[in-house]
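Single-letter residue listing:
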Amino acid sequence: MQIIVDGNAVEAFEGEMVAGVLARLEPFFARTNPVSGETRAPYCMMGVCFECLVEVDGVRSVQSCMTAVRSGMNIVRQYCGNEVQ
């Protein structure tokens, strides 16, 4: 199936978690840290660490490791300010 990540069409597999899709993309990250601006990526893959937060279909702070892809889903990496340039 096809989903959209940061405005780009990306292939995904039925039943796959959003974090799995992000793991295949360059650059590999889900959000930026609101204090330092550093990129953060899925870590625990079981919904505990909250490092994998993304925007899904306009809803911010969705845990990508706990969210299954669906056709046409729109995912945006979550920028929290102070990004490292």
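Residues numbered from 1 in each chain as written. Predicted model: local features only at pLDDT ≥ 70, side-chain atom pairs only at ≥ 80, totals over all residues. Heavy atoms only, no water.

Novice: So what exactly am I meant to see when it comes to the pattern of salt bridges here?
Specialist: It is possible for side chains of opposite charge to pair when their charged atoms get near one another. Applying the stated criterion to the full structure yields six salt bridges. The partner of Asp-6 in a salt bridge is Arg-77, with the nearest N and O atoms 2.6 Å apart. Note that Asp-6 is positioned in the loop between strand S1 (2-5) and strand S2 (8-11) and Arg-77 in strand S7 (residues 74-77), a separation of 71 residues in sequence. Through salt bridges with shared partners, a single network forms among Arg-31, Arg-40 and Glu-51. (Salt bridge = Lys/Arg side-chain N within 4 Å of Asp/Glu carboxyl O. Helix = DSSP H or I, 4+ residues; strand = E, 2+ residues; numbered from the N terminus.)

Novice: Help me understand the packing of aromatic side chains in this model?
Specialist: Aromatic ring pairs are defined here through the distance separating the ring centres and the angle between the ring planes. Enumeration according to the criterion identifies one aromatic pair in this entry. Plain terms: the ring middles of Phe-29 and Tyr-79 are 5.9 Å apart, the flat faces sit at 70 degrees to each other, and that makes the pair edge-to-face. Taken together, the residues Phe-29 in the loop between helix H1 (18-23) and strand S3 (31-32) and Tyr-79 in the segment after S7 connect sequence positions 50 residues apart. When its relative accessible area of 5% is taken as the criterion, Phe-29 is described as buried. Judged by relative accessible area, Tyr-79 falls into the partly exposed class, the value being 44%. For the cation-ring pair, Arg-77 lies above Phe-29, with the distance from its terminal atom to the ring centre recorded as 4.8 Å. (Phe/Tyr/Trp six-rings, centres within 6.5 Å; stacked < 30°, edge-to-face > 60°. Buried < 20%, exposed > 50% of the residue type's maximum accessible area, 1.4 Å probe, protein only. Lys NZ or Arg CZ within 6 Å of the ring centre and 35° of its normal.)

Novice: I'm lost on the nonpolar core in this one. Help?
Specialist: The nonpolar side chains of soluble globular proteins are, as a tendency, buried together. Ranked by size, the top nonpolar core spans 15 residues in total, and within it Ile-3, Val-5, Val-21 and Ile-75 carry the most contacts. For this core, the element with the highest residue contribution is H1, accounting for three residues. Apart from residues no more than four positions distant in its own chain, Ile-75 is found in contact with Ile-3, Ile-4, Val-5, Asp-6, Val-18, Val-54, Glu-55 and Val-56. (Core = buried A, V, L, I, M, F, W, Y, C linked by side-chain atoms within 4.5 Å. Contact = heavy atoms within 4.5 Å.)

Novice: I would appreciate a short explanation of the pairing of strand S5 (residues 53-56) in the present structure.
Specialist: Side-chain direction in a regular strand flips from residue to residue, so the side chains alternate between the two faces of the sheet. Summarising the sheet, S5 and strand S6 (residues 59-63) pair through three bridges and their orientation is antiparallel. Opposite Val-56, over in S6, you have Val-59 as the bridge partner. Where S5 hands over to S6, the hairpin turn is made up of two residues, of which Asp-57 adopts a positive phi near 50 degrees. Here S5 pairs with S7 via three bridges, running antiparallel. Each residue of the ladder has a partner; that of Val-54, found in S7, is Arg-77. (Pairing = 2+ DSSP bridges.)

Novice: I'm lost on unusual backbone geometry in this one. Help?
Specialist: Apart from glycine, the bulk of residues carry a negative phi angle, and the bulk of peptide bonds sit in the trans form. Glu-26 connects to Pro-27 through a cis peptide bond whose omega is -10 degrees. Here Pro-27 is to be found in the loop between H1 and S3. Of note, the phi angle at Asp-57 is positive, near 50 degrees, even though the residue is not glycine. Of note, Ser-61 is a non-glycine position whose phi angle comes to about 60 degrees, a positive value. Within the fold, Ser-61 resides in strand S6. Exposure remark for Ser-61: the relative accessible area of 43% places this residue in the partly exposed category.

Scope: geometric values only; no functional claims are made or implied.
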